[in-house]
Amino acid sequence: MINLKPILILSILLTCWGCESTELKSHQEMIRILSEKSEMVNPEINLYANKKRLAWLQNQIFDDHISAALQHQSVIANEMLNAGYTQQSIDQYNDVLYTIDSLKINPPESFMTAIQDLLAITHFRHGEETNCLDGHNAESCIMPIRGAGIHRNKDNAEIAINIYKSLLEKNPKNYVYRWLINLAYMVKGDYPDKVPHRWLIPQLTPSDSITFPEFTEIAESAGLDHISLAGGSIADDFDGDGLIDIMVSSWGLDNQLHYFKNMGNRGFEDQTESANLIGITGGLNMVHGDYDNDGWVDVFVLRGGWFGEDGNHPNSLLKNNGDGTFTDVTISTNIYSEHPTQTASWGDFNNDGWLDLFIGNESAEGSNHISELYQNNGDGTFFEVAQAHNINAIGFIKAVIWGDINNDGFLDLYISRLGEPNLLFQNSGPENNYHFKEISKKSGVTEPLNSFPAWFWDFNNDGWEDIWVSGYDNSSGHVAMDYLGLKHDGESPRLYQNNKDGTFTDVTKKANLDHPLLTMGSNFGDLNNDGFLDFYAGTGDPDFRSIQPNRMFLNKRGESFDDVTFHGRFGHLQKGHGVSFADFDRDGDLDIHAVMGGAYEGSVYQNALFENPGGWENHWIGLSLRGKQTNKLALGVRIEIVLEGGFVVHRTVSSGGSFGGNPLDQMIGLGKDGEIKTINIFWPGSGTTQTFSGVDSNAWYLVTENESISIKK
């Protein structure tokens, strides 16, 4: 009789070897493609390839007329600023002004105003480079500027002030100039005392009506002061040691992605090389989940967003191998495509226990890029099914998020679009083969028309998912007017409260959130463990004049929000991108990591890490959920915690907002009452509810679907 056992083992080994070989080839091919794409950047149409664009501009000659030559030299000066050559930009602008003066040219007033405007902000940026990037410290660029954050070399700020004075004399109602002159005085240490009264914005200090402790920015001492452009932030335990690690991206196609391992008391260590990530570059945003149900967190990197015609770049699916390394399996999993995008969301839309992925692509005039829904085949591969499930989403899409709007156990999809009404697709469930119906108008969630980040959350703890979506049509002038209490036409975010009947009510004004937040990266978490979710809005846009504080809002028991930006020292002035809330130091409260670089190649800055000071005197519980019929890391699972005093806390397992990633394990604030009556867990994969009692607070627990709960070591 033939012994089939050795043959079977050999077959399995050959199959596994073939799988590993395929994944290795996928990884190597992606590195080759990314390298090739970075060399193919077209500076004529890509406004963010600034060094190549500068070289292209400098090779163009305008000798026909002095006015054309001066305009071209001014364009070059601006590109020097964008490329990071601020001193050269200043010199170039001064050369233009010298030529105009020496030749007694009388250019249009609008041209002279534009030159002065750009020269002033170039001096301001040069001051940031010499005082905040160089000699960086914990107070650098955090508003209100104070102490070590005040510029050591004040020359550039002084020049900027003099230019803004001149501009304001001619344009006294220009609130961008008014905002910037206040900031210039502030970085000199002269705010508010020396700001001319007619231009003073006195509200740029903490109000006495709010009490809130200061968070300390500790990125440098923690080993996380990584300098980068705009990018994503993912916080999770990638290696299973119980400590939250960080992965960050930087959106330049040749910018290396970085992995920082949490070393406990020794801070963070850059282990990018040992993690097999060298050559994996670019990515404005990242989203994480466990696509293969092996219990290890995988990452999807998004590329090409905002690049327009030059943005046909591939995304990357990084498989966590469970040994501290990652493999790019985009090609081998059949999830490869080339579209401009920066947003995607993991969710199990058909409750088969495997995470699917929706990608929102950016379409513009003359260039359509339909969004994609990749259904997980359960064998390590995906199949694109958006049209088959009636999701026809086209537009300049800036956020996509899964959430269950009607508590029927099936994920619905919200889509934020820039310049068009937003979309809400309702999942019909298995009776109609999980087809989706677009109901945004009926539900009342189409605004704002110019929107960016979004998320589902239960801000008022009523057990129903609400929607937050931020506007993206503001300037620093709108921010100035808002602080001054003046009417403006800037776009505010929208907070939509779930009416529990398929519709939502706009409660933005009631919640004190009707402010012009130019939000990009953002996320939410419970800062003070009171059981209600707070949020941090990263602000700005590529323009260097778009200098405004990133904003932190504290939830007041689901009724309204307090702006604690200045009180908590969260008002970072750099460009806020990927944001993640996590308990990095395992002390029982949430800290905040943020990527602070901008879009232009010269707009680099250090990442920020705000340490929670604690002392809240509130309780918490940590739940690590593991699915059996539900997807392994429990995305979409709903949690209800009933306390003995009657307070009920609701959470849904997610990574948080659309631009930044929180850990999938849930750390949940409970408020003053630490006596837990019951914990109810709703598992969508099995359609069951699991209930526990006799559980203590202030500890972490491991919960397996319909099996057990145990203290997590």
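Residues numbered from 1 in each chain as written. Predicted model: local features only at pLDDT ≥ 70, side-chain atom pairs only at ≥ 80, totals over all residues. Heavy atoms only, no water.

Novice: Can you break down the state of the cysteines residue by residue, with the values?
Specialist: Across all of its chains, the model carries zero disulfides by this definition. Cys 141 provides the cysteine sulfur closest to Cys 132, a residue in no disulfide bond, and the two sulfurs are 3.4 Å apart. The exposure class of Cys 132 is buried, given its relative accessible area of 1%. For Cys 141, a relative accessible area of 3% gives the class buried. (Disulfide = S-S within 2.5 Å. Buried < 20%, exposed > 50% of the residue type's maximum accessible area, 1.4 Å probe, protein only.)

Novice: Give me the sheet that holds strand β34 (residues 638–643): which residues, what numbers.
Specialist: Pairing is antiparallel in the open sheet, where four strands are placed in the order β35-β34-β37-β38. Two strands in the sheet have a free side with no partner beyond their single neighbour: β35 (648–652) and β38 (688–692). Here the average twist between neighbouring strands, direction ignored, is 15°. With five bridges connecting them, β34 and β35 associate as antiparallel partners. For Ile 641, the partnering residue across the bridge sits in β35 and is Val 649. (Pairing = 2+ DSSP bridges. Helix = DSSP H or I, 4+ residues; strand = E, 2+ residues; numbered from the N terminus. Axes fitted to C-alpha atoms, helices over the stretch in contact; angles between N-to-C directions.)

Novice: Account for the nonpolar core, with residues named and values stated.
Specialist: Core analysis: the largest hydrophobic core is formed by 64 residues, its most contacted members being Ile 121, Met 143, Tyr 164, Trp 179, Leu 204 and Trp 251. Elements that contribute at least two residues to this core include exactly α3 (66–83), α4 (86–102), α5 (109–133), α6 (155–170), α7 (175–188) and α10 (476–484). Looking at which element gives the most residues to this core, the answer is α7, with 10 residues. Both domains that furnish three or more residues to this core are identified here as domain 1 (43–188) and domain 2 (218–611). With near-sequence residues (within four places) excluded, Trp 251 lies in contact with Tyr 48, Leu 229, Ala 230, Gly 282, Gly 283, Leu 284, Gly 305, Trp 306, Phe 307, Gly 598 and Ala 599. With 31 residues, the next largest nonpolar core counts Met 247, Leu 277, Val 297 and Leu 635 among its residues. (Core = buried A, V, L, I, M, F, W, Y, C linked by side-chain atoms within 4.5 Å. Domains from an automatic or database assignment. Contact = heavy atoms within 4.5 Å.)

Novice: Tell me about the pattern of salt bridges, residues and numbers included.
Specialist: Summed over the entire model, instances satisfying the criterion amount to 30 salt bridges. Measuring nitrogen to oxygen at the nearest pair gives 2.4 Å for the salt bridge that ties Asp 239 to Lys 261. Taken together, the positions of Asp 239 in the loop between β4 (233–236) and β5 (245–248) and Lys 261 in strand β6 (residues 258–262) put the pair 22 residues apart, joining distant regions of the chain. In terms of burial, Asp 239 and Lys 261 fall into one category: buried. What emerges from the salt-bridge pattern is a single network uniting Glu 139, Arg 146, Glu 214 and Arg 569. (Salt bridge = Lys/Arg side-chain N within 4 Å of Asp/Glu carboxyl O.)

Novice: Please provide a residue-by-residue account of α3, values included.
Specialist: Count 3.6 residues to each turn of an α-helix, and residues three or four apart come out pointing the same way. With 18 residues, α3 extends 25 Å from end C-alpha to end C-alpha; this agrees with the ideal 26 Å at 1.5 Å per step. Among all positions in α3, only Ala 69, Leu 70, His 72, Ser 74, Ile 76, Ala 77, Glu 79, Met 80, Leu 81, Asn 82 and Ala 83 are buried. (Expected span 1.5 Å × (residues − 1).)

Novice: Which residues make up the packing of aromatic side chains, and what are the values?
Specialist: Within the structure shown, the criterion is met by 47 aromatic pairs. Note on Tyr 164 and Tyr 177: the rings are 6.1 Å apart at their centroids and 35° apart in plane angle, and the pair reads as tilted. With Tyr 164 in helix α6 and Tyr 177 in helix α7, this pair connects stretches of sequence that are 13 residues apart. Taken together, a centroid distance of 6.4 Å and an interplanar angle of 80° make the contact between Phe 300 and Trp 346 edge-to-face. A residue pair is termed long-range when its members are at least 10 positions apart, and Phe 300 in strand β9 (residues 298–302) and Trp 346 in strand β12 (residues 341–347) qualify at 46 residues. In terms of burial, Phe 300 and Trp 346 fall into one category: buried. (Phe/Tyr/Trp six-rings, centres within 6.5 Å; stacked < 30°, edge-to-face > 60°.)

Novice: Go over the packing of α3 against α5, please, and point to the residues and values.
Specialist: At their nearest, the axes of α3 and α5 sit 11 Å apart, and the two run at 20° to each other. One finds that α3 runs roughly parallel with respect to α5. Seen along the crossing, α3 lies across α5 with a hand that is left-handed. Here α3 contributes Leu 70, Gln 71, Ser 74, Asn 78 and Leu 81 to the contact with α5, which in turn contributes Phe 111, Ile 115, Leu 118, Ile 121, Thr 122 and Arg 125. (Parallel < 35°, antiparallel > 145°, perpendicular 65-115°, else oblique. Left-handed = near helix turned anticlockwise from the far one by under 90°.)

Novice: Explain the side chain of His 650 to me, using residue names and the numbers behind them.
Specialist: Secondary-structure assignment places His 650 in strand β35. In contact with His 650, other than residues within four places in its own chain, are Asp 458, Asn 461, Asp 462, Gly 463, Ile 639 and Glu 640.

Novice: Please give an account of the domain arrangement of the protein that cites residues and values.
Specialist: Accessible area lost upon the coming together of the parts is a frequently used measure of interface size. Domain assignment breaks the protein into domain 1 (43–188), domain 2 (218–611) and domain 3 (619–711). With centres defined by C-alpha atoms, the gap from domain 2 to domain 3 works out at 22 Å. On the side of domain 3, 33 residues touch domain 2, which itself brings 58 residues to the contact. In total, about 3200 Å² of surface goes out of reach between domain 2 and domain 3, with carbon and sulfur atoms giving 55% of it. Together, His 288, Asn 461 and Asn 529 form the three largest contributors to the area buried by domain 2 at its contact with domain 3, with a combined 14%. For the interface between domain 2 and domain 3, the tally reads zero salt bridges. (Buried area = accessible area lost by both parts, 1.4 Å probe.)

Novice: Mind laying out unusual backbone geometry, listing which residues take part and the relevant values?
Specialist: For the bond from Tyr 191 to Pro 192, the omega torsion is 0°, close enough to zero to count as cis. Inspection of the secondary structure puts Pro 192 in the loop between α7 and β2 (216–217). For the bond running from Glu 447 to Pro 448, omega is -5°, close enough to zero to count as cis. In this structure, Pro 448 sits in the loop between α9 (440–443) and β20 (451–457).

Novice: I'd like to hear about the confidence of the model for the protein, residue by residue, with values.
Specialist: Per-residue confidence for the protein gives a mean pLDDT of 95; residues scoring 70 or more make up 97%. Confidence over residues 1–17 falls short of pLDDT 50; this stretch has zero contacts with residues more than four positions distant or in other chains. (pLDDT = per-residue confidence, 0-100.)

Novice: Which residues make up the packing of helix α2 (residues 50–58) against α3, and what values do they have?
Specialist: The geometry of α2 relative to α3 is characterised by a closest axis approach of 9 Å and an angle of 160° between their N-to-C directions. Overall, the two elements α2 and α3 adopt an arrangement that is roughly antiparallel. Judged by the sense of rotation from one axis to the other, the crossing of α2 with α3 is left-handed. Packed against α2, whose contacting residues are Asn 50, Lys 51, Arg 53, Leu 54, Leu 57 and Gln 58, the element α3 presents His 72, Val 75, Ile 76, Glu 79, Met 80, Asn 82 and Ala 83 at the interface. Residues that form the contact of α2 with α3 fall into these classes: six nonpolar, four polar and three charged. (Nonpolar A, V, L, I, M, F, W, Y, C, P; charged D, E, K, R; others polar.)

Novice: Hey, could you go over α4 for me, with residue numbers and the actual values?
Specialist: With 17 residues, α4 extends 24 Å from end C-alpha to end C-alpha; this agrees with the ideal 24 Å at 1.5 Å per step. Every buried residue belonging to α4 is among Thr 86, Ser 89, Ile 90, Gln 92, Tyr 93, Val 96, Leu 97 and Ile 100, and all of these are buried. One side of α4 carries all its buried residues, which in axial view fall inside an arc of 165°. Lys 104 sits one or two positions beyond α4 and adopts a positive phi of about 55°. (Arc of directions from axis to C-beta.)

Novice: Explain the pairing of strand β10 (residues 316–320) to me, using residue names and the numbers behind them.
Specialist: With five of five residues buried, β10 lies mostly within the body of the structure. Both faces of β10 are covered, namely the face carrying Ser 316, Leu 318 and Asn 320 and the face carrying Leu 317 and Lys 319. Across three bridges, β9 lies against β10 in antiparallel orientation. Counterpart to Val 301 in the pairing with β10 is Ser 316. Where β10 and strand β11 (residues 326–328) come together, three bridges link them in antiparallel fashion. Looking at the pairing, Leu 318 lines up with Asp 328 of β11.

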